[in-house]
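Notes for the structure review
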Amino acid sequence: MYDTIQELVAASMSQNKPISEIMIEQEMAKNSATRDEVWSQMSKNLDVMAAAVKRGVEGDGVFSKTGLTGGEAVLLKKYREKGHTLSGDSMVEAVQNAIATNEVNAAMGVVCATPTAGSTGTLPGVLFVIQDRLNLDRDQMIRFLFTAGAFGMVIANNASIAGATGGCQAEVGSASAMAAAAAVEVAGGTAEQSSEALAMALSNLLGLVCDPVAGLVELPCVKRNAIGAGNALIAADMALAGCTNKIPADEVVTAMDKIGRGLPRALRETGIGGLAGTPTGVKMKMTIFGQSVDVS
Amino acid sequence: MSGNYKSVFDIIGPIMIGPSSSHTAGAVAIGRAANRIFGGIPEDITIHYYESFAQTHKGHGTDYAIISGILGFEPDDKRVPDALDIAHEQGIKIKFIEEAGDSPIDHPNTAVCELRKGDREIIVSGCSIGGGTIEIRDIKMDGFHIKPKGPLPILLVQSENGGNSENLSDKLQKINTINHHAQYDAPGKGIMYEYDLENRLKQKDLSQLASKDTKMVYL
């Protein structure tokens, strides 16, 4: 197991292997598994992601039980068809994929948590748009997921990927950083550029709190995945252009952990502070759960 | 570094029914651990929630998730959202309690599960640390009070005559890494050995470790 991003990047460079390959070999060694077993499990995860992205834009879309979220991936798809997007079709497609996935999650559909269910749309948001942009084949898409997972493991083991512990920066922030690093690899960038992309993506989302209205993974979680995906693409492009974060990736991860520990409990997935605590947020909670919380 | 996340599939995965990996998939996993420790399905369940779990269990579907696990369902089982109804149909009594105090095991996503059937009761304290990964930090079963470090996998072996600890440790060391080892006594119940392991055990390894005079629980 790699303790730091620096070690992961150094291993990739000294062994002259992409990070995806290092991750696959580690997984095989750790679980005495064959390459086929490891590969096919990831392949299954990819299928689940693809199915959620697709399901979110079928018909009128999917809606959660509460009605707080749903149908907006379809709105984005229709908007794109008019061809007048401000940030470009790829960016809005990434947003559509991210929102579709989290709408399926909020509607209690089947998703692949990457790294969490609340942040489940960020990775597919990026992956399926660069599949189109870069004509990725299935093998490259599976490798994207191994690379994202390798970086995600370092973040999870050194900081946190739970909103209750570290706020949304630990969930969507981590997902965005993982997606940025993996996008760089499949786009032909170096392991160092992946690390820079991760550092920039995570730096941009530091401090993001977890403030779900009524404690539901709906508002603002669904749309935070849109920014997670967009931010990942921007960070990946900056890294591929040669921009650097100046503060090393491992130090950004440590900063994220410290910020998370410093957040008050009301802003760590308790549904009390932030947007959950706005008059409208409180009203929504009352409408959904009523005054008294019955616990039978 | 905590080293809790040991597999790429802890990060890319699990495949699950939404909406929350920590409060839904993780809750299923805590429930499944309780199911294994109990060794089946109880007649009576009380769940104590703390901190984020206490505040948001309803919104996240934690109730049906944890009961799904206690019923033995996987996180992606289609029956997960209906688990409360399924349990009620089986006549299982269920109570959820939102505790106001701090988590007794020092984590914001804590559930303490009491499972009862007849005279037997077990209490399992678990926390969901993110992405569906859990820790089990406290177990009370059959007179033993077990306090694992938290991260899974954990192997518990109860030996009524107290024997074979060295033998078992040797066998485990050949196929795995033991991160932590402890043993507990309970009058008339023999000795409980706890092994916190680095890697997951395969089914064939588990059957090789099993013997007639021991009871094993693998989490």
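Structure report, in brief. (Residues numbered from 1 in each chain as written. Chains lettered and ligands numbered in written order. Predicted model: local features only at pLDDT ≥ 70, side-chain atom pairs only at ≥ 80, totals over all residues. Heavy atoms only, no water.)

1. Looking at the overall build of chain B
Counting its regular elements, chain B contains seven helices and 11 strands. For 219 residues, the compact-globule estimate of 2.2 N^0.38 gives 17 Å, and the C-alpha radius of gyration of chain B, at 17 Å, lies within 12% of that figure. Looking at the 219 residues of chain B, the share that counts as buried comes to 62%. Taking all contacts inside chain B whose residues are at least 6 apart in sequence as the whole, residues at least 24 apart take part in 64%. (Helix = DSSP H or I, 4+ residues; strand = E, 2+ residues; numbered from the N terminus. Rg over C-alpha atoms; globule rule 2.2 N^0.38 Å. Buried < 20%, exposed > 50% of the residue type's maximum accessible area, 1.4 Å probe, protein only. Contact = heavy atoms within 4.5 Å.)

2. What about the sheet that holds strand β9 (residues 178-186) of chain B?
Residues and elements named next belong to chain B. If you trace the four strands from one edge of the open sheet to the other, you get β9-β10-β8-β11, paired in antiparallel fashion. Since the sheet does not close on itself, it has two edges, and those belong to β9 and β11 (214-218), each with one partner. Looking at each pair of strands side by side, their axes are set apart by 15° on average, direction ignored. Of the strand pairs in this sheet, strand β8 (residues 154-159) and strand β10 (residues 190-197) are connected by six bridges, and their pairing is antiparallel. Along β10, the bridge assignment pairs Ser159 with Ile191. (Pairing = 2+ DSSP bridges. Axes fitted to C-alpha atoms, helices over the stretch in contact; angles between N-to-C directions.)

3. Section: the interface of chain A and chain B
Of the residues lining the interface, 59 residues belong to chain A; the matching set on chain B comes to 47 residues. Broken down residue by residue, the surface that chain A buries against chain B is led by Lys30, Met108 and Asn157 of chain A, which jointly contribute 14%. Between Arg265 of chain A and Asp102 of chain B there is a salt bridge, with its nearest N and O atoms 3.3 Å apart. Joining chain A to chain B, the criterion identifies 21 residue pairs in polar contact (both at pLDDT 80 or more). Ranked by residue count, the leading element in the side of chain A that touches chain B is helix α7 (residues 138-158) of chain A, at 10 residues. The residue makeup of the side of chain A that touches chain B, split by class, is 33 nonpolar, 18 polar and eight charged. Where strand β1 (residues 110-112) of chain A and strand β1 (residues 15-17) of chain B come together, three bridges link them in antiparallel fashion. If you follow Val111 of chain A over to β1 of chain B, its bridge partner there is Met16 of chain B. (Buried area = accessible area lost by both parts, 1.4 Å probe. Salt bridge = Lys/Arg side-chain N within 4 Å of Asp/Glu carboxyl O. Polar contact = N/O pair within 3.5 Å; in protein donor to acceptor, adjacent residues only side chain to side chain. Nonpolar A, V, L, I, M, F, W, Y, C, P; charged D, E, K, R; others polar.)

4. So, the state of the cysteines
All names here are of chain A. Evaluation of the coordinates by the stated rule reveals zero disulfides over all chains. Considering cysteine sulfurs only, Cys210 is the nearest to Cys168, which forms no disulfide, with 6.2 Å between them. Residue class for Cys210 comes out buried when judged on its relative accessible area of 10%. (Disulfide = S-S within 2.5 Å.)

5. Considerations on empty space enclosed by the protein
Residue and element names in this part refer to chain A. Applying the stated criterion across every chain yields a total of two cavities of 30 Å³ or more. The volume enclosed by the largest cavity comes to roughly 180 Å³. In this structure, the largest cavity is lined by 19 residues; those nearest its centre are Gly118, Glu171, Cys210, Val217 and Cys221. Tallied by class, residues from the lining of the largest cavity come to nine nonpolar, six polar and four charged. Lining the second largest cavity are 10 residues; nearest its centre among them are Tyr2, Gln26, Ala150, Met153 and Val154. Elements with a contribution of two residues or more to the lining of the second largest cavity: α2 (19-30) and α7. (1 Å grid on protein atoms, 1.4 Å probe; cavity = no way out; pocket = protein on both sides within 12 Å on 5 of 7 lines; lining within 4 Å. Points joined across faces, edges and corners; volume = space filled by probe spheres on them.)

6. Digging into the pairing of strand β6 (residues 133-141) of chain B
Residue and element names in this part refer to chain B. Within β6, seven of the nine residues are buried, which leaves the element mostly enclosed by the surrounding structure. Examined bridge by bridge, strand β5 (residues 120-130) and β6 share eight bridges and lie antiparallel to one another. Residue pairing for β6: Ser125 is matched across the bridge by Asp138. Hairpin geometry of β5 and β6 is characterised by an intervening segment of two residues between the two adjacent antiparallel strands and by a positive phi of about 70° at Gly131. The pairing of β6 with strand β7 (residues 144-146) spans three bridges and is antiparallel. Paired with Lys140 across the two strands is His145, which belongs to β7. Hairpin connection between β6 and β7: a loop of two residues separates the two successive antiparallel strands, and Asp142 in this loop has a positive phi of roughly 50°.

Everything listed here is a matter of geometry and, on its own, says nothing about what the molecule does.
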